[in-house]
Amino acid sequence: MGKRMSGRVLLGVLGVLLLPSGARAQRADFLFRRPTVSAAVRFGWSVPRTQSEIFDFTTEQLTIEREDFSAATVEGEIAVRVRDRLDLTLGAGYSAASVRSEFRDWVGTDDLPIEQTTRFRRVPIELGVKGYLRSRGRAVSSLAWVPHGWAPYVGASAGALVYSFDQSGDFVDYQTEDIFTKDFSSRGTAPTAHVAGGLDVSLGPHFLAIGEGRYQWARAEMSRDFVDFDRIDLSGFQVTIGVAVRF
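This one's a predicted model, so the numbers in the text were calculated from it and none came from an experiment. (Residues numbered from 1 in each chain as written. Predicted model: local features only at pLDDT ≥ 70, side-chain atom pairs only at ≥ 80, totals over all residues. Heavy atoms only, no water.)

Participant: In this structure, what is going on with the pattern of salt bridges? I would like to understand it.
Facilitator: Two side chains carrying opposite charge are able to pair once their charged atoms lie near each other. The tally for this structure, following the rule as stated, stands at 15 salt bridges. Among the ionic pairs, arginine 66 bridges to aspartate 56, the shortest N-O distance being 2.6 Å. Residue arginine 66 is located in the loop between helix 3 (53-61) and strand 2 (71-83), and its partner aspartate 56 is located in helix 3; the two are separated by ten residues in the primary sequence. With its nearest N and O atoms 3.3 Å apart, the salt bridge here joins arginine 104 to glutamate 65. With a gap of 39 residues between them, arginine 104 in strand 3 (residues 86-107) and glutamate 65 in the loop between helix 3 and strand 2 connect regions that are remote in the sequence. Overall, the relative accessible area of 38% leaves glutamate 65 in the partly exposed class. (Salt bridge = Lys/Arg side-chain N within 4 Å of Asp/Glu carboxyl O. Helix = DSSP H or I, 4+ residues; strand = E, 2+ residues; numbered from the N terminus. Buried < 20%, exposed > 50% of the residue type's maximum accessible area, 1.4 Å probe, protein only.)

Participant: Even after reading the chapter, I still don't get the layout of surface pockets, so can you show me in this structure?
Facilitator: Any empty space left between the atoms is revealed when a probe the size of a water molecule rolls over them. Roughly 390 Å³ of volume is contained in the largest pocket. Taken together, 17 residues make up the lining of the largest pocket; nearest its centre are Phe57, Tyr174, Phe184, Asp225 and Phe229. Every element with two or more residues in the lining of the largest pocket is listed here: helix 3, strand 7 (150-172) and strand 8 (179-202). At three residues, strand 7 tops the list of elements feeding residues into the lining of the largest pocket. For the lining of the largest pocket, the class distribution of residues is twelve nonpolar, one polar and four charged. (1 Å grid on protein atoms, 1.4 Å probe; cavity = no way out; pocket = protein on both sides within 12 Å on 5 of 7 lines; lining within 4 Å. Points joined across faces, edges and corners; volume = space filled by probe spheres on them. Nonpolar A, V, L, I, M, F, W, Y, C, P; charged D, E, K, R; others polar.)

Participant: Teacher, can you tell me more about empty space enclosed by the protein here?
Facilitator: Considering all chains together, one arrives at five cavities of 30 Å³ or more under this definition. In this structure, the largest cavity encloses a volume near 200 Å³. Along the wall of the largest cavity there are 24 residues; nearest its centre are Arg81, Tyr132, Arg136, Asp200 and Leu208. For the lining of the largest cavity, the secondary structure elements donating two or more residues are strand 1 (37-48), strand 2, strand 4 (113-132), strand 7, strand 8, strand 9 (207-217) and strand 12 (236-246).

Participant: So what exactly am I meant to see when it comes to the pairing of strand 7 here?
Facilitator: It is a general feature of regular strands that their side chains alternate between the two faces of the sheet. Relative to strand 7, strand 4 runs antiparallel, the two sharing 17 bridges. Note on strand 7: the bridge partner recorded for threonine 118 is glutamine 167. In the sheet, strand 7 pairs with strand 8 via 23 bridges, with the strands oriented antiparallel. In the strand pairing of strand 8, serine 164 is matched with arginine 187. Once strand 7 ends, the chain turns through six residues before running back antiparallel as strand 8, passing glutamate 177 with a positive phi of about 65°. (Pairing = 2+ DSSP bridges.)

This is the structure in structure tokens:
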């Protein structure tokens, strides 16, 4: 039994070594079985769409531009292979921007700026699918799997997005023209979905480099502090790069 198993392993290794030279050049490393799970972490830049009344008001009244809400983002993802070119995914992300500002057209009685800080945070948690446009590798024998050098994919996910929009500092009462200090806060959870496209590049039998772009959709009701505003726009685009390990 042991000799038979050793012979099969040897045949698998020889099969990899005897691949055509082009295939060997593409990837000389191999695994003893096709990987079924991968775990990835990616970092990048998130650009919210900011097309709702609260962003209109904030950018008109305060020294804030819409692009100021763009921020670094981090994502984690677990993928389980269900077919050669299809994965089921569970992912979560985090992005947050903090912007200091002052009123554009108002100053205090001491002629000093009326200052405040706006914070905008988004945390999506989603289940989805990822389909690859080419095979990610090939089986050379029953005990050897050779990864291809690269594989593009498209994906879609849906789930929940936890958000917070907070403004703290000094503000103007437009009716009395008084200046007051207050913390305004809106927090909640909204349904969300995204579509994505990306590329996996093999760094070895177990490791991958990943690049991805995605567009996220979400809107949510604002909390009581912002009762006169319509739903906050939580949609936006992001680009990330990172690494993954496959098992």
